[in-house]
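Summary of the model geometry
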Amino acid sequence: MMNFDKDIYYLGVGAQLLNSSDTVNTAKLTITEGDKKEYVVTGSDDNVFVLDRIHNPDKNTIEISIKGLSKGGGFMMGTHLQPPSDQDAASVIVYDCKVKIKQPDNINHLHPDESAKFSIDFANTDVGYSNPTWQVDDKTIANIDAKGELTILKPGKVNVKLILSYNGIEFFDDVAVNIAVPPISFDKDEYLMGIGGHLVNKADSSTQATIDFHGVDFSHYIVESSDESVFTVKKLPDSGQLGSVALTAVGKGKAQLTVKNDKSIKTVPVEILSKHVSILDFFELHVNQLTRMKLDVFTDVGYSNPEWSIIDGDKYASIDNLGLVRPKEQGRFRAQVIVTYSGIKFSAFRDIIIAHEISSVKPIILTDLPETYNYSE
């Protein structure tokens, strides 16, 4: 004796039925008498559907896969080859559902922050499908809207499913999408730095590098300098998909900044163009006290054309091109000097406090100025 698990099997060509309890792509034939090796299952029309026997460890169950090839109907017949002879039949109906997901051209090159447009491929049929619905199985990896626009959030694997209705029966097709880890990208192709000063006239000069990880956790990466006698590097708190590292110049030369993990590596050149340049530190100034600012040049590198200015707090003091500071009132200001070295300009800063005025003295003629002297109006 034998029995199919269903009386009718509904199939679709190129898609699977979704909402019918009788919808299945496999059939099971339960054997209640004899050895299942003595039974065969055949189909009535190989042009409409084909059958393939699937291994099932249950000694009383024959499992058959059913693949719809074209619209039509027929039946499956289970037959016991040994006496006593026995048969059981079940109907097979195949809908002309050659509807598949049409994948975008960039399906194999998707990275976080990118999008891809999926559509419906109505191949060889005009069946008037309605109510298309798009879904993804993991919304932490990607989202998809009602028009099939997939937005990538992070690397991983996500399954895109299309559900649509035909003659009151819902069908679906799905496709797996792999989102790769994108290549690391830096905000600059090269980092130029000066020790103790920032480059002024280079658009790509910086003491901080910003690295785009496209959604990958920055903590999974290692950053390092190829030569710490030239520069050192350390991670800074990252924000979103961007990671920042601080570069500290140590000595003149060239080296590589490397960011890597177990799957990818990226390097970018770093060049230190100068030696140490800064403004000499000194005690606070007083109102009515003239002071000449001086450069602290760590080494003799031939700086030229120092340009002095006040970039914040000019109500408290003024400064001329020779670095002569004239305090106006109590407060704090920031002095800046720009110097030229090998045709490249560098800047240094110093915050200075102006305290209470000291006793007035007779003005001094500004010829050969000492480092600090008093004057009165």
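The rules behind these values
Residues numbered from 1 in each chain as written. Predicted model: local features only at pLDDT ≥ 70, side-chain atom pairs only at ≥ 80, totals over all residues. Heavy atoms only, no water. Helix = DSSP H or I, 4+ residues; strand = E, 2+ residues; numbered from the N terminus. Buried < 20%, exposed > 50% of the residue type's maximum accessible area, 1.4 Å probe, protein only. Contact = heavy atoms within 4.5 Å. Areas by Shrake-Rupley, 256 points an atom, 1.4 Å probe, with all protein chains shown as cover. pLDDT = per-residue confidence, 0-100. Pairing = 2+ DSSP bridges. Axes fitted to C-alpha atoms, helices over the stretch in contact; angles between N-to-C directions. Polar contact = N/O pair within 3.5 Å; in protein donor to acceptor, adjacent residues only side chain to side chain. Phe/Tyr/Trp six-rings, centres within 6.5 Å; stacked < 30°, edge-to-face > 60°. Core = buried A, V, L, I, M, F, W, Y, C linked by side-chain atoms within 4.5 Å. Salt bridge = Lys/Arg side-chain N within 4 Å of Asp/Glu carboxyl O.

1. Considerations on the overall build of the protein
For the protein, the helix and strand inventory stands at 0 helices and 36 strands. When each of the 377 residues of the protein is scored for burial, the buried share is 42%. Pairs at least 24 apart in sequence give 58% of the contacts found in the protein among residues at least 6 apart. Per element, the accessible surface of the protein, about 20,200 Å² overall, is 47% carbon and sulfur.

2. A closer look at the confidence of the model for the protein
Averaged over all residues, the pLDDT of the protein equals 78, while 74% of them reach at least 70. Considering only residues more than four positions removed or in separate chains, one finds that residues 359–377, a stretch of pLDDT under 50, has 32 contacts.

3. Thoughts on the sheet that holds strand 14 (residues 142–144)
Spatial strand order, 11-15-14: 3 strands in an open sheet with antiparallel pairing. A single partner strand is all that each edge strand has here, and the edge strands are strand 11 (115–117) and strand 14. Neighbouring strand axes in the sheet, compared pairwise and without regard to direction, differ in orientation by 20 degrees on average. As judged from the 3 bridges shared by strand 11 and strand 15 (residues 149–152), these two strands associate in the antiparallel manner.

4. Here we look at the pairing of strand 9 (residues 86–95)
Note: strand 2 (residues 8–12) against strand 9, 5 bridges, orientation parallel. Note on strand 9: the bridge partner recorded for I8 is S91. What sits between strand 8 (residues 72–80) and strand 9 in their antiparallel hairpin is a turn of 5 residues.

5. Brief notes about the sheet that holds strand 1 (residues 2–4)
Neighbouring strands of a sheet are bound in pairs by backbone hydrogen bonds; such pairs are parallel or else antiparallel. The 4 strands lie next to each other as 1-4-7-6, forming an open sheet whose pairing is antiparallel. Pairing within the sheet leaves two strands with one partner each, and these edge strands are strand 1 and strand 6 (49–54). The average angle at which neighbouring strand axes cross in this sheet is 25 degrees, direction not considered. Bridging between strand 6 and strand 7 (residues 61–68) involves 6 bridges; their strand directions are antiparallel. Residue pairing for strand 7: I54 is matched across the bridge by E63.

6. Remarks on the side chain of T79
Tracing the backbone through its elements, the reader meets T79 in strand 8. Within the local environment of T79, its side chain forms a polar contact with the side chain of Q87, the two groups lying 3.3 Å apart. Once you skip the residues sitting within four places of it in the chain, T79 turns out to touch M2, E38, Y39, V40, D86 and Q87.

7. Brief notes about the packing of aromatic side chains
With the rule as written, the count across this model stands at 4 aromatic pairs. Here the aromatic rings of F4 and Y9 are separated by 6.5 Å at their centres, their planes lie at 75 degrees, and the arrangement is edge-to-face.

8. Digging into the nonpolar core
Core analysis: the biggest nonpolar cluster contains 24 residues, and I101, F118, W134, L150, V158, V160 and V177 have the highest contact counts within it. Dropping the residues within four chain positions of it, V158 is found in contact with V136, D137, D138, I141, A142, V175, A176, V177 and I179.

9. As for the environment of D58
On the secondary structure map, D58 appears in the loop between strand 6 and strand 7. Judged by its relative accessible area of 35%, D58 is partly exposed. For the pair formed by D58 and T30, sequence separation is 28 residues and the distance between their alpha carbons is 9.6 Å. At 3.0 Å, the side chain of D58 and the backbone nitrogen of N60 are in polar contact.

10. Focus on the pattern of salt bridges
A complete count under the given rule lists 2 salt bridges for this structure. In this structure, the salt-bridge partner of E224 is K260, at a minimum N-O distance of 3.2 Å. Remark: K260 occurs in strand 25 (residues 253–260) and E224 occurs in strand 22 (residues 222–225); sequence separation between them is 36 residues. You can call K260 partly exposed: its relative accessible area is 26%. Residues D351 and R334 are paired through a salt bridge, measuring 2.8 Å at the closest nitrogen-oxygen approach. A residue pair is termed long-range when its members are at least 10 positions apart, and D351 in strand 35 (residues 344–355) and R334 in strand 34 (residues 331–341) qualify at 17 residues. With relative accessibility at 39%, the residue D351 sits in the partly exposed group. Residue classification places R334 among the partly exposed residues on the basis of a relative accessible area of 33%.

11. A look at the environment of D145
For D145, the position within the fold is in the loop between strand 14 and strand 15. Relative accessible area serves as the criterion here: at 34%, D145 is assigned to the partly exposed category. Sequence separation between D145 and W134 is 11 residues; the distance between their C-alpha atoms is 6.9 Å. At 2.8 Å, the side chain of D145 and the backbone nitrogen of E149 are in polar contact.

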